[in-house]
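Chain residues, written in single-letter form:
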Amino acid sequence: MPGLTPPDTPVRGRYAPSPTGDLHLGNLRTALLAWLYARTARGQFVLRIEDLDRPRVRPHATERMISDLRWLGLDWDEGPDIGGPHAPYTQSERIDIYRQQLQRLIDADLVYPCYCTRAEITRVASAPHEDEGPAEPRYPGTCRTLTQAQRRAREASGRQPSLRLRVDDERLVSFADLIAGTVQQRVSRVVGDFIIRRSDGIFAYQFAVVVDDALMRLNQIVRGADLLSSTPRQILLYKALGFPIPTFAHVPLVLDEQGKRFSKRSASAGLEPLRAAGRTPAQVIGQLAASCRLLPTGESINPSELVQRFTPVALNDIMRSMIQTNI
């Protein structure tokens, strides 16, 4: 049976950006924090590129992301540019792995085809919720009990199904986030049966990220607080696939002057304007560290020097204080 990673296991953390544009300062701060959590624990750090949604991938974005991270002085022990024992580290090269893991769920009768469109679900859903993107409706289980004849009829009309994971109606998912504390969610009431492969054949984020993190032996997941509500779904997938459940830490997001999260569509939020203005990597790292209370404003520092100032416990305390004061 799956369970939490033993506390004495060496830390393996990661950063997993999507190449849909250049990294903005919010992305880079999360990368710095994920790197710090791993390095202060004397653990390993992995870079993975999440490029499954091919229509949204921008040309040469992966190369620019790697260049930006290295310019800042962040390093990794495994990744798409240097390889490693759990390669490949680019999701679009891991499709056969996802198919194999999906088949395990199909064989266990935990997955079923869904022919509903988003508009149809919205019309009949009982309650919306906040996801990692726009608000999405709870899936009411419309296709859960379709007969084979009903499925054939829908496919004959040209509908391509997505695949959804069956969620136990009574299952309450509870986990201890290092920053947010105890988080509980009854996935069946908030989300319902959720998609693990889209109708266009693309594997869903929730599924691919669990498979990747588990098979890459990652046991510490540090990422933005916008993904906190996704974690209960992912825990259900860890359990369904028999994988150990990692430790989670969801760090505060960087917000703009209007209180909204940064977007990759805003070129002014990336590194290029700072480089053009003559800022050094140490100055940018200092700026990112100061924005989450790790340093006084205006101090310059290299990542390796920053590691020496903190422990994982100290990082947790600072991040919690930021959450509590809504910064």
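For clarity, every value in this text was computed on a predicted model and none was experimentally measured.

Engineer: When you look at the packing of helix α3 (residues 95-107) against helix α8 (residues 231-241) in this model, what are you seeing that I'm missing?
Structural biologist: Two measures define how a pair of helices packs: the angle their axes make with one another and the distance between the axes. Relative to each other, α3 and α8 sit at 80°, their axes nearing to 10 Å. Judged by the angle between their axes, α3 and α8 are roughly perpendicular. Together, Gln101, Arg104 and Leu105 of α3 and Leu237, Ala240 and Leu241 of α8 make up the contact between the two elements. Class assignment of the residues belonging to the contact of α3 with α8 gives a composition of four nonpolar, one polar and one charged.

Engineer: Explain the environment of Ser291 here, please?
Structural biologist: Position of Ser291 relative to the elements: it lies in helix α10 (residues 281-291). Between the C-alpha atom of Ser291 and that of Gly26, which follows or precedes it by 265 residues, the distance is 9.9 Å. Once residues within four sequence positions are removed from consideration, Ser291 is found in contact with Arg29 and Met322. In this structure the side chain of Ser291 is engaged in a polar contact, spanning 2.6 Å, whose partner is the backbone oxygen of Leu288.

Engineer: Sorry if this is basic, but what is going on with the sheet that holds strand β9 (residues 194-197) here?
Structural biologist: In a beta sheet, neighbouring strands pair by backbone hydrogen bonds and run either parallel or antiparallel. Pairing within the open sheet is antiparallel, and its three strands lie in the order β3-β6-β9. Edge positions in the sheet fall to β3 (111-114) and β9, since each has one partner strand and no second. Looking at each pair of strands side by side, their axes are set apart by 50° on average, direction ignored. Two elements, β3 and strand β6 (residues 162-165), share four bridges in a ladder whose sense is antiparallel. Its bridge partner being in β6, Pro113 is matched across the sheet by Leu163.

Engineer: Would you mind going over the pattern of salt bridges with me for this structure?
Structural biologist: Side-chain pairing between opposite charges can occur once the charged atoms of the two side chains come close. According to the stated counting rule, one finds 20 salt bridges in the structure shown. A salt bridge links Glu50 to Arg48, with the nearest nitrogen and oxygen atoms 2.8 Å apart. Assigned by exposure class, Glu50 and Arg48 land together as buried. One salt-bridge network, in which partners are shared between bridges, spans Arg14, Arg48, Glu50, Arg94, Asp212 and Asp213.

The rules behind each value
- Residues numbered from 1 in each chain as written.
- Predicted model: local features only at pLDDT ≥ 70, side-chain atom pairs only at ≥ 80, totals over all residues.
- Heavy atoms only, no water.
- Axes fitted to C-alpha atoms, helices over the stretch in contact; angles between N-to-C directions.
- Helix = DSSP H or I, 4+ residues; strand = E, 2+ residues; numbered from the N terminus.
- Parallel < 35°, antiparallel > 145°, perpendicular 65-115°, else oblique.
- Contact = heavy atoms within 4.5 Å.
- Nonpolar A, V, L, I, M, F, W, Y, C, P; charged D, E, K, R; others polar.
- Polar contact = N/O pair within 3.5 Å; in protein donor to acceptor, adjacent residues only side chain to side chain.
- Pairing = 2+ DSSP bridges.
- Salt bridge = Lys/Arg side-chain N within 4 Å of Asp/Glu carboxyl O.
- Buried < 20%, exposed > 50% of the residue type's maximum accessible area, 1.4 Å probe, protein only.

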